[in-house]
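# An overview of the molecular structure
Below, each chain spelled out in residue letters.
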Amino acid sequence: MLTRPSPDGRAVDTALARLSETLGPRVTRAAGILADHGRSEAYHPACPPDLVAFPETTEEVRSIVLLCNELRLPVVPFGAGTSLEGNAAAPQGGITIDMSRMNKLLAASPEDMDVRVQPGITRKQLNAQLRDTGLFFPIDPGADASIGGMASTRASGTMAVRYGTMKDNVLALEAVLADGRVIRTARRARKSAAGYDMTRLLVGAEGTLGVITEVTLKLHPQPEAISSAVCAFPDLKAAVDTAIAVIQSGVPVARIELLDAMMMRGMNVHAKLGLPEAPHLFFEFHGSKGYVAEQAETAQVLAGEFGGQDFAWATSPEERSRLWQARDNTLYAGLALRPGARALVTDVCVPISRLAECLVATAADIAESGLIAPVVGHVGDGNFHLLALHDPGSAEELARVKAFNERLVRRAIDLDGTCTGEHGVGFGKMDFLALELGETVDAMRLVKQALDPLGIMNPGKIFRTAPAMGGTA
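Small disclaimer: the values here were computed from a predicted structure and weren't measured.

### Notes on the side chain of Asn169
With respect to the helices and strands, Asn169 occurs in helix 7 (residues 166–169). Look at Asn169 and you get buried, because its relative accessible area is 1%. Separated by 2.9 Å, the side chain of Asn169 and the backbone oxygen of Thr165 make a polar contact. If we skip the residues at most four places from it in the chain, Asn169 touches Phe137, Ile139, Tyr163, Gly164, Thr216, Leu217, Lys218 and His220.

### A look at the environment of Pro351
Position of Pro351 relative to the elements: it lies in the loop between strand 16 (342–349) and helix 14 (355–369). We classify Pro351 as partly exposed; its relative accessible area is 30%. Setting aside residues no more than four positions away along its own chain, Pro351 makes contact with Leu415, Asp416 and Gly417.

### Looking at the sheet that holds strand 10 (residues 211–218)
Ordered in space as 5-6-10-8-9, the five strands form an open sheet in which the pairing is antiparallel. Each edge of the sheet is formed by a strand with only one pairing partner; in this case those strands are strand 5 (105–109) and strand 9 (182–184). Direction aside, the axes of adjacent strands within the sheet are offset by 10 degrees on average. As paired elements, strand 8 (residues 170–176) and strand 10 share six bridges and run antiparallel to each other. Across the sheet, Leu173 pairs through a bridge with Val215, a residue of strand 10. Contacts from helix 3 (residues 58–71) reach strand 8, strand 9 and strand 10 within the one sheet, and its direction differs from that of strand 8 by about 50 degrees. Sheet contacts for helix 4 (residues 123–130): strand 5, strand 6 (114–117) and strand 10; angle to strand 5, the most-contacted strand, approximately 50 degrees.

### Quick notes on the environment of Ile97
Within the secondary structure, Ile97 sits in strand 4 (residues 95–98). Along the primary structure Ile97 and Ala412 are separated by 315 residues, whereas in three dimensions their C-alpha atoms are 34 Å apart. Other than its neighbours up to four places away in sequence, Ile97 contacts Ala53, Pro55, Val61, Ile64, Val65, Val75, Val76, Pro77, Phe78 and Val211.

### Quick look at the nonpolar core
Soluble globular proteins: nonpolar side chains tend toward being buried together. By size, the foremost hydrophobic cluster in this structure holds 50 residues, and its most contacted members are Leu281, Phe283 and Phe384. Among the elements that line this core, the one with the most residues is helix 9 (residues 236–248), at eight residues. Ignoring any residue separated from it by four or fewer positions in sequence, one finds Phe283 in contact with Ser227, Ser228, Ala229, Cys231, Thr242, Val246, Val253, Arg255, Ile256, Ala299, Phe311 and Trp324.

### Examining the sheet that holds strand 2 (residues 51–53)
Taken together, four strands build an open sheet; the order of strands is 1-2-4-3 and the sheet is mixed. Each end of this open sheet is capped by a strand with a single partner; those strands are strand 1 (27–28) and strand 3 (75–78). The pairing of strand 2 with strand 4 spans three bridges and is parallel. Counted as the bridge partner of Val52 is Thr96 from strand 4. Sitting on the sheet, helix 3 touches strand 2, strand 3 and strand 4, and the angle it makes with strand 4 is about 170 degrees.

### A word on the pattern of salt bridges
Where charged atoms of side chains with opposite charge meet at close range, the side chains can pair. Under the criterion given, the structure shown has 31 salt bridges. Measuring nitrogen to oxygen at the nearest pair gives 3.0 Å for the salt bridge that ties Arg18 to Glu70. Of this pair, Arg18 sits in helix 1 (residues 9–23) while Glu70 is found in helix 3, placing the two residues 52 residues apart along the sequence. On the basis of relative accessibility, which here comes to 36%, the residue Arg18 falls in the partly exposed class. Of the charged contacts, one joins Arg26 and Glu60 as a salt bridge, the two residues approaching to 2.9 Å between their closest N and O atoms. One end of the pair, Arg26, is in the loop between helix 1 and strand 1; the other, Glu60, is in helix 3, with 34 residues separating them in the sequence. Each member of the pair Arg26 and Glu60 is classed as buried. Here the salt bridges do not stand alone but share partners, grouping Arg26, Glu56, Glu60 and Arg101 into one network.

### Some points on the environment of Cys349
Structurally, the position occupied by Cys349 is in strand 16. The class of Cys349 is buried, set by a relative accessible area of 16%. Separated by 30 residues in the primary sequence, Cys349 and Val379 have C-alpha atoms spaced 9.0 Å apart. When sequence neighbours within four positions are dropped, the list of residues in contact with Cys349 reads Asp381, Gly382, Asn383, Gly417, Thr418 and Gly421.

### Overview of unusual backbone geometry
Its identity is not glycine, yet Arg154 carries a phi of approximately 55 degrees, on the positive side. Tracing the backbone shows Arg154 in the loop between helix 5 (147–152) and helix 6 (160–163). What makes Arg154 partly exposed here is its relative accessible area of 40%.

Reading the values: rules and limits
- Residues numbered from 1 in each chain as written.
- Predicted model: local features only at pLDDT ≥ 70, side-chain atom pairs only at ≥ 80, totals over all residues.
- Heavy atoms only, no water.
- Helix = DSSP H or I, 4+ residues; strand = E, 2+ residues; numbered from the N terminus.
- Buried < 20%, exposed > 50% of the residue type's maximum accessible area, 1.4 Å probe, protein only.
- Polar contact = N/O pair within 3.5 Å; in protein donor to acceptor, adjacent residues only side chain to side chain.
- Contact = heavy atoms within 4.5 Å.
- Pairing = 2+ DSSP bridges.
- Axes fitted to C-alpha atoms, helices over the stretch in contact; angles between N-to-C directions.
- Core = buried A, V, L, I, M, F, W, Y, C linked by side-chain atoms within 4.5 Å.
- Salt bridge = Lys/Arg side-chain N within 4 Å of Asp/Glu carboxyl O.

What follows is the structure, encoded as structure tokens:
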């Protein structure tokens, strides 16, 4: 557990007493609940809050934020707890606002292809409720994350190559600012030139500028036909070169995922796929039946040119579900390679023209370091992830995987890439942000100071600020 500055105990007691008057049992300091809100599936030390509140309305969120502003308590928004860089941990304590009870679909407009939701609804819950409309929300980060959390971290996932990321699919937000003001960032129009783009300022801000209380999302037609396929390759470079060729050929592939040989071994252990332990690409194609067949045929021809073998189809819903469920569970597949280990889960993103170079160099680094670090990537947009396994009781192993992670990030930035394609910065990658963006980080600090002068909104995330509330942010 991190050593952290704790807020004044009297302020916490006061907050508990006053919030209990309005929220009743929906505010708690029960040790188990605090612990659940301070940890994640990542390697970062646990950082529990002092209180957890479960609001059900925007007005209740506003009252919590106003109280935190008055008492100088940190405010930490919390979605489904699936973040990977400490994004929703509480390194300075304070009050975690758990949005899970704010999980309603508020309004759907099939004719406009949009929907307005509360932030606690998860992507699977949303799509289940949209099923009869002929529309769906395509952003799929793997985990059943909350929509508010996905907006806060600017998430993307397996279908970003075709449908974009959260920044492309959030039309408007309602949010509570640090001083209690409730703002709506835009109307429902598909485009606007009216003033600053406050929507995209808050998308990716990780709760450091405000608490998202409503999200208006762009929807997409459910495809008439879907087809998936897997293909093995002789080496990592051949798989990446195929992915680049597919993208540059204009094939509108919905998903194109890379799994290296080590990850395929883990998936065979965990999901019993029975596929060759060689680098693979997983494809998915959306459209009319004829269009899907045409896309798939082109991808198969291109794969063959780079040595792709055993282009195997999964056309039934059951086969596709098994394939993509296995892909979504790559964290557990990776952990199956070393029972009892923990994973330093990291991601970077580079221009696709530099992807093969980055991946080949990274594979050599893994081998030289003696690490078990399976790779999975959304290679259609240059983004890939690694799970660097280590003994949680070994400080030496953790130091070794952290040093590997630093080399990986520096390599990506040197190739004109980014330290994170979709996990966000949290507190896990703060040290890399200045390396990537330089003085732009100072501009971010100015925005933060303007909207959150007391530094109460999810402190200790994205970048370091001046000392606040008895410690460093």
